[in-house]
Amino acid sequence: MDNAHIECIAPAHAIDRLCLVLGDQLDDQSALWAHFNGNTDAVWMAEVLDESLDIVSSKQRTVLFLSAMRHFAQQQSAQQRPLIYVSLNQKVASFAEALHATLHAHNVQRVCCVVPGDYRLVASFKSVCAAHNVALEWVVDTHFVSLPGEFEQWMTGRKQPRLEYWYRQLRKRTGILMQANGQPEGERWNFDADNRQAFAKAGPQNLTPPLRFSADALTLAVMHDVQTYLPNLPGYLNSFDWPVTRVQALNVLAHFIEHRLRYFGDHQDAMWTSEPWLFHSHISAMLNLKLLNPHEVLQSVQHAYVQQQASLNAVEGFIRQVLGWREYVRGLYWHYRHDWLEFNALDAHRALPSLYWHGQTKMVCLHHSIEQVLTHGYGHHIQRLMVTGLFALLWGAKPQQVHEWYLAMFVDAVAWVEVPNTLGMSQFADGGIVGSKPYIASGAYINRMSNYCKQCPYKPTLASGEQACPFTTLYWDFVRRHESLLAGHPRLGMQVKNWQQKTPSQQHDIGERAQWLFEHIESV
Ligand code: FAD
Ligand code: SF4
């Protein structure tokens, strides 16, 4: 087999089960394979243009998905599984078009697919199968820790879901970080108070470079195809070095556990110029493409704790993200699947500044966070929430546009996880489903958690005047605009009082500067 190509084994004329495998379903443990019969069934995979154009997808994200798909397809061929693979050079617009063509060319009894991570595809596949009068069978997604129906049952009768209680339920059910007496390890559910420190002046210490992979022949072929057929996608490709196979993904996990897990909690929220990776795991894309399984991630991290390779605060902090947040936002995505894209609780209507797409701004925090995404398709949680997300929130950007940016730019972006994080946690467009309050802060927060402000022409302490930090100006303007919403909140009410205690002249100057920003953002 040529290393740069996928060898497709033609399926028999009549196909009993046509098994669809999407780019975020590269799971060799999937329930799809339980009854796969190589004599009668076939695997179906498709690279389609609209998934990068209609819904914009950056160069980094597109190459990661397509390369991981082609590597996965090669494994299917190696196992002698009949395979239909639609590749980019066939210039097929959409999954619907690709599936129509297959159902037209082959005598297919049933189409089988694990429920997609993007609700929009459910309707699309349904309508294609209906048009061909072919049965469509949804296969249960066994990749997650939550059992089918578990989240919906937990939500029953709950007015206000909260991560903490869902997380505890999963800890109890799985026994992860639990003692034999039913109490949490260390007698506490949450070690956040020990975590989330800023770096000392000298910056991060003990950083081990993450495990990265130079592009092999298959990945180089994908890069070539992307440059040829999708040349105008945002971002850069020369830095592409993500893992694209399960073996590589497992190595990344092991490398994280060995070198960075022990520092994870302490510096979970800290940021530093030109240090994109810090002590994070960078496994979200591998988890979301299903090259890694959350069960094995959780077990390996727990094992590291038992082996005393990492302290409880680091391990619990990490497990809270994977077992807690990841499973929680997935549940919420499906629960509110019909509503997410309509949510706009703060009535935000400004266009997202174009600097999000090119990163050219004097604001050092935004410049670094965006440049990093263009280069690597990666930003850690606090860069997403408290830099790019915060600015869009304070700016009053249309939630839908913010969502499109996050979905496009990050290699780990799949609707079920991106949508609730962006529209809920970051933009508060859901009015308080994912989190109880908008995550707002002034430049002072960024100054505390990073070294960005040291190199910035703006001053995080100033809210008005030419040197004012745009975050700080817009923070107070946000408090003014949403006074009545914030006043009722136990933790944010104080900020409304602080705003009210400013003199009329201070308020006027802040308002004037905010107005100037709204009119001149591209030169800020
Ligand atoms: P680490 O910091 O090492 O954390 C470990 C793992 O925990 C991650 O790999 C991830 O699987 C999980 N995790 C952590 N936080 C969350 C969270 N809030 N929701 C779900 N899982 C979480 N994550 C995505 O996987 N895809 C997205 O498209 C995505 N979009 C986001 C958009 C916004 C506006 C925000 C604020 C967060 C978003 N997140 C998203 C969550 C989080 O920022 C990323 O999972 C994390 O930064 C990935 O980097 P990492 O693997 O180094 O994570
Ligand atoms: Fe960002 Fe303001 Fe700090 Fe500049 S001063 S880096 S704009 S927070």
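Cut-offs applied
- Residues numbered from 1 in each chain as written.
- Chains lettered and ligands numbered in written order.
- Predicted model: local features only at pLDDT ≥ 70, side-chain atom pairs only at ≥ 80, totals over all residues.
- Heavy atoms only, no water.
- Helix = DSSP H or I, 4+ residues; strand = E, 2+ residues; numbered from the N terminus.
- Rg over C-alpha atoms; globule rule 2.2 N^0.38 Å.
- Buried < 20%, exposed > 50% of the residue type's maximum accessible area, 1.4 Å probe, protein only.
- Contact = heavy atoms within 4.5 Å.
- Lys, Arg positive; Asp, Glu negative; His and termini not counted.
- Charge placed at Lys NZ, Arg CZ, Asp CG, Glu CD.
- Near = heavy atom within 4 Å.
- Polar contact = N/O pair within 3.5 Å; in protein donor to acceptor, adjacent residues only side chain to side chain.
- Areas by Shrake-Rupley, 256 points an atom, 1.4 Å probe, with all protein chains shown as cover.
- Core = buried A, V, L, I, M, F, W, Y, C linked by side-chain atoms within 4.5 Å.
- Pairing = 2+ DSSP bridges.
- Axes fitted to C-alpha atoms, helices over the stretch in contact; angles between N-to-C directions.
- Nonpolar A, V, L, I, M, F, W, Y, C, P; charged D, E, K, R; others polar.
- Disulfide = S-S within 2.5 Å.
- Arc of directions from axis to C-beta.
- Salt bridge = Lys/Arg side-chain N within 4 Å of Asp/Glu carboxyl O.
- Expected span 1.5 Å × (residues − 1).
- Parallel < 35°, antiparallel > 145°, perpendicular 65-115°, else oblique.
- Left-handed = near helix turned anticlockwise from the far one by under 90°.

(A) Seen up close, the overall build of the chain. Of the regular secondary structure elements, the chain holds 22 helices and five strands. The C-alpha radius of gyration of the chain comes to 24 Å, within 12% of the 24 Å expected for a compact globule of 524 residues. The principal-axis extent of the C-alpha atoms belonging to the chain is close to 80 × 55 × 45 Å. The burial tally for the chain puts 59% of its 524 residues in the buried class. Looking at the chain alone, contacts between residues at least 24 apart form 76% of all its contacts between residues at least 6 apart. Taking the average place of the 42 positive charges on the side chains of the chain and the average place of its 47 negative ones, the gap between the two points comes to 7 Å.

(B) Inspection of the side chain of threonine 375 at higher detail. Its place among the elements puts threonine 375 in helix α14 (residues 364–376). What makes threonine 375 buried here is its relative accessible area of 19%. With near-sequence residues (within four places) excluded, threonine 375 lies in contact with Gln60, Tyr236 and Ser239.

(C) Here's a closer look at the site of ligand 1. In the region of ligand 1, 29 residues are neighbours, and His280, Ser281, His282, Asn288 and Tyr378 sit closest. Contact between ligand 1 and serine 284: an oxygen atom at 3.0 Å from a main-chain N or O atom of the residue. Within the side chain of glutamine 321, an N or O atom sits 3.4 Å from a nitrogen atom of ligand 1. Surface burial for ligand 1 is 99%, taken as the share of its 820 Å² of free accessible area covered by protein chains. Elements supplying a minimum of two residues to the shell around ligand 1: α10 (284–288), α12 (312–335), α15 (381–395) and α17 (415–426).

(D) Here's a closer look at the nonpolar core. One finds Met45, Leu261 and Phe471 to be the most contacted residues of the largest nonpolar core, which totals 153 residues. With twelve residues, the top contributor of residues to this core is α12. With sequence-adjacent residues up to four places away left out, leucine 261 is seen in contact with Phe256, Val301, Ala304, Ala310, Ala314, Val315 and Phe318. By size, the runner-up hydrophobic cluster in this structure holds 23 residues, among which are Trp44, Val48, Ile84 and Val128.

(E) Quick peek at the sheet that holds strand β1 (residues 14–20). Here we have five strands laid out as an open sheet, ordered β3-β2-β1-β4-β5, and parallel in their pairing. Among the strands making up the open sheet, the edge pair consists of β3 (83–86) and β5 (135–139). Strand after strand, the sheet turns through a mean of 25 degrees between neighbouring axes, direction not considered. Taken together, the three bridges between β1 and strand β2 (residues 42–46) define a ladder with parallel strand orientation. Across the sheet, cysteine 19 pairs through a bridge with valine 43, a residue of β2. Packed onto the sheet, helix α2 (residues 59–78) meets β2 and β3 and runs at close to 160 degrees relative to β3. In the packing of helix α4 (residues 119–131) onto the sheet, the strands contacted are β1, β4 (107–114) and β5, and the crossing angle to β5 comes to about 150 degrees.

(F) Just the site of ligand 2, in detail. Around ligand 2 sit Met363, Cys365, Gly443, Ile446, Tyr452, Cys453, Cys456, Tyr458, Pro460, Cys469 and Phe471, and that is every residue in its neighbourhood. Its residues assigned to classes, the shell around ligand 2 comprises ten nonpolar, one polar and no charged.

(G) Just the pairing of β2, in detail. Burial of β2 is extensive: five of the five residues sit out of reach of the surface. Neither face of β2 is exposed, since Ala42, Trp44 and Ala46 on one face and Val43 and Met45 on the opposite face are all buried.

(H) Here's a closer look at the state of the cysteines. Under the counting rule described, the total for this entry stands at zero disulfides. Cysteine cysteine 8 shares no disulfide, and the gap to the nearest cysteine sulfur, in cysteine 19, comes to 15 Å. A relative accessible area of 37% places cysteine 8 in the partly exposed class.

(I) Fine view of helix α21 (residues 493–500). Of all the residues in α21, the buried ones are Gly493, Val496 and Trp499. In a view along the axis of α21, the buried residues occupy a sector of 115 degrees, so they form one face of it.

(J) Inspection of the pattern of salt bridges at higher detail. Summed over the entire model, instances satisfying the criterion amount to 21 salt bridges. The residue aspartate 16 makes a salt bridge to arginine 110 at a minimum N-O spacing of 2.9 Å. Note that aspartate 16 is positioned in strand β1 and arginine 110 in strand β4, a separation of 94 residues in sequence. Residue classification places arginine 110 among the partly exposed residues on the basis of a relative accessible area of 24%. Linking arginine 384 and aspartate 412 is a salt bridge whose minimum nitrogen-to-oxygen distance equals 2.8 Å. With a gap of 28 residues between them, arginine 384 in helix α15 and aspartate 412 in the loop between α16 (399–409) and α17 connect regions that are remote in the sequence. Grouping residues by exposure puts arginine 384 and aspartate 412 together as buried.

(K) Representation of unusual backbone geometry in the model. Despite not being glycine, leucine 177 has its phi angle at roughly 55 degrees, a positive value. Not every positive phi belongs to a glycine, and serine 274 is a case in point at roughly 60 degrees. Considering the arrangement of structural elements, one finds serine 274 in the loop between α9 (261–264) and α10.

(L) Local environment of helix α22 (residues 504–520). With 17 residues, α22 should cover 24 Å at 1.5 Å per step; its first-to-last C-alpha distance of 24 Å lies within 8% of that length. Those residues of α22 that sit buried are Ile510, Arg513, Ala514, Leu517 and Phe518. Looking down the long axis of α22, one finds its buried residues gathered within 145 degrees of arc, a one-sided arrangement. Pointing more than 90 degrees away from the buried face of α22 are the exposed residues Pro504 and Glu519.

(M) Expanded view of the packing of α15 against helix α19 (residues 470–481). Look at α15 against α19: their axes get within 9 Å of each other, and the N-to-C directions meet at 45 degrees. It follows from the interaxial angle that α15 and α19 lie oblique. Considering only the axes of α15 and α19, their crossing is left-handed. Contact with α15, carried on its side by Met386, Val387, Leu390, Phe391, Leu393, Leu394 and Trp395, involves Pro470, Phe471, Leu474, Tyr475, Phe478 and Arg481 of α19 and no other residues of that element.

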